[in-house]
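Structural characterization, general
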Amino acid sequence: MSLADWKARSALIATGALVAWLVIGWLDAFLAPGAGGVWLALTALLGGVAVRMRQGRGAASCTVGPRLRPLQISCFGAIALGVQLLHAADHGALLTTIPVLAAPWLPAACILGGVIGLAVLSFGSDCRNATYSGESLEDHERGTA
């Protein structure tokens, strides 16, 4: 990645973070405290699913090093949503404003769903299977091993 690409990406990330910060503050001020955190968690959850659906079922990319996949982001978003809802249950203002979020089983379902989703993604990964079977990742991607 060139220096110009790095600067452009950094500027885009900074702009996105600033906009998210402003939306979170606006939602917390005008809707209810905690609404911004719920919005951010839902955005991550639904954004990961949307990116995965847009990508389609392509070939696995088994690159060396850490890399987050869109569905992993969705699982982390589900966990964050469950934590936000647990926090909102302590204060009550958000749950009285948006009563559909007041279901007592919803935080646990979000957290467990996210953890189970991460486990399924981990155990279902072709790259993980290639690593533990002793195949080279390049052979696994080409299908020659």
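Here the structure is a predicted model, which means the values were calculated and not measured. (Residues numbered from 1 in each chain as written. Predicted model: local features only at pLDDT ≥ 70, side-chain atom pairs only at ≥ 80, totals over all residues. Heavy atoms only, no water.)

1. Things to note about the overall build of the protein chain
Broken down by element type, the protein chain carries seven helices and zero strands. Sequence-ordered secondary structure for the protein chain, helices as α and strands as β, is α-α-α-α-α-α-α. Residues counted as buried form 24% of the 145 residues belonging to the protein chain. Summed over its atoms, the accessible surface of the protein chain is roughly 9,800 Å², and 69% of this surface lies on carbon and sulfur atoms. (Helix = DSSP H or I, 4+ residues; strand = E, 2+ residues; numbered from the N terminus. Buried < 20%, exposed > 50% of the residue type's maximum accessible area, 1.4 Å probe, protein only. Areas by Shrake-Rupley, 256 points an atom, 1.4 Å probe, with all protein chains shown as cover.)

2. Considerations on the packing of helix 2 (residues 35-55) against helix 3 (residues 70-91)
Interaxial distance between helix 2 and helix 3 falls to 8 Å at its minimum, and their mutual angle equals 160°. Accordingly, the angle class assigned to the pair helix 2 and helix 3 is roughly antiparallel. Note that helix 2 runs across helix 3; the crossing there is left-handed. Together, G37, V38, A41, L42, A44, L45, G48, V49, V51, R52 and Q55 of helix 2 and P70, L71, I73, S74, G77, A78, A80, L81, Q84 and L85 of helix 3 make up the contact between the two elements. (Axes fitted to C-alpha atoms, helices over the stretch in contact; angles between N-to-C directions. Parallel < 35°, antiparallel > 145°, perpendicular 65-115°, else oblique. Left-handed = near helix turned anticlockwise from the far one by under 90°. Contact = heavy atoms within 4.5 Å.)

3. Some words on helix 2
Counted at 1.5 Å a residue, the expected span for helix 2 with its 21 residues is 30 Å, and the 30 Å between its end C-alpha atoms agrees. Residues of helix 2 that are buried sit in contact with helix 1 (3-30), helix 3 and helix 4 (93-97). A positive phi of about 75° marks G56, the residue just after helix 2. (Expected span 1.5 Å × (residues − 1).)

4. Looking at the environment of L112
Within the element layout of this structure, L112 appears in helix 5 (residues 106-123). Taking C-alpha positions, L112 is 8.7 Å from G82, a pair spaced 30 residues apart along the chain.

5. Points about the packing of helix 1 against helix 2
Taken N-terminus to C-terminus, the directions of helix 1 and helix 2 make an angle of 135°; their axes are 7 Å apart at the nearest point. In terms of their interaxial angle, helix 1 and helix 2 are classed as oblique. Side by side, helix 1 and helix 2 meet where A20, V23, I24, L27 and D28 of the first sit next to A35, G36, G37, W39 and L40 of the second. Along the lines of polarity and charge, the residues of the contact of helix 1 with helix 2 split into seven nonpolar, two polar and one charged. (Nonpolar A, V, L, I, M, F, W, Y, C, P; charged D, E, K, R; others polar.)

6. Points about the packing of aromatic side chains
The final tally for this structure, using the stated rule, is one aromatic pair. Aromatic side chains W26 and F30 sit 5.7 Å apart centroid to centroid with 45° between the ring planes, which places their arrangement in the tilted category. Taken together, the positions of W26 and F30, both in helix 1 and four residues apart, correspond to about one turn of that helix. Each member of the pair, W26 as well as F30, carries the same accessibility label: exposed. (Phe/Tyr/Trp six-rings, centres within 6.5 Å; stacked < 30°, edge-to-face > 60°.)

7. Description of the side chain of S74
Within the fold, S74 resides in helix 3. By relative accessible area, S74 is classed as buried at 7%. Excluding anything up to four places from it in sequence, S74 contacts A44, L45, G48 and V49.

8. Some thoughts on the nonpolar core
Core analysis: the largest hydrophobic core is formed by 14 residues, its most contacted members being V38, L81, L85, L94, L101, L106 and C110. Put simply, the parts of the chain that give this core at least two residues each are helix 2, helix 3, helix 4 and helix 5. (Core = buried A, V, L, I, M, F, W, Y, C linked by side-chain atoms within 4.5 Å.)

9. Focus on a nonpolar patch on the surface
A cluster of nonpolar side chains, L18, W21 and L22, forms an exposed patch at the surface whose accessible area comes to about 400 Å². Along the chain, the position of L22 falls in helix 1. By relative accessible area, L22 is classed as exposed at 54%. (Patch = residues over 30% accessible without salt bridge, like charges linked within 9 Å, V, L, I, M, F, W, Y side chains within 5 Å. Salt bridge = Lys/Arg side-chain N within 4 Å of Asp/Glu carboxyl O.)

Function-wise, these values are silent; they only describe arrangement.
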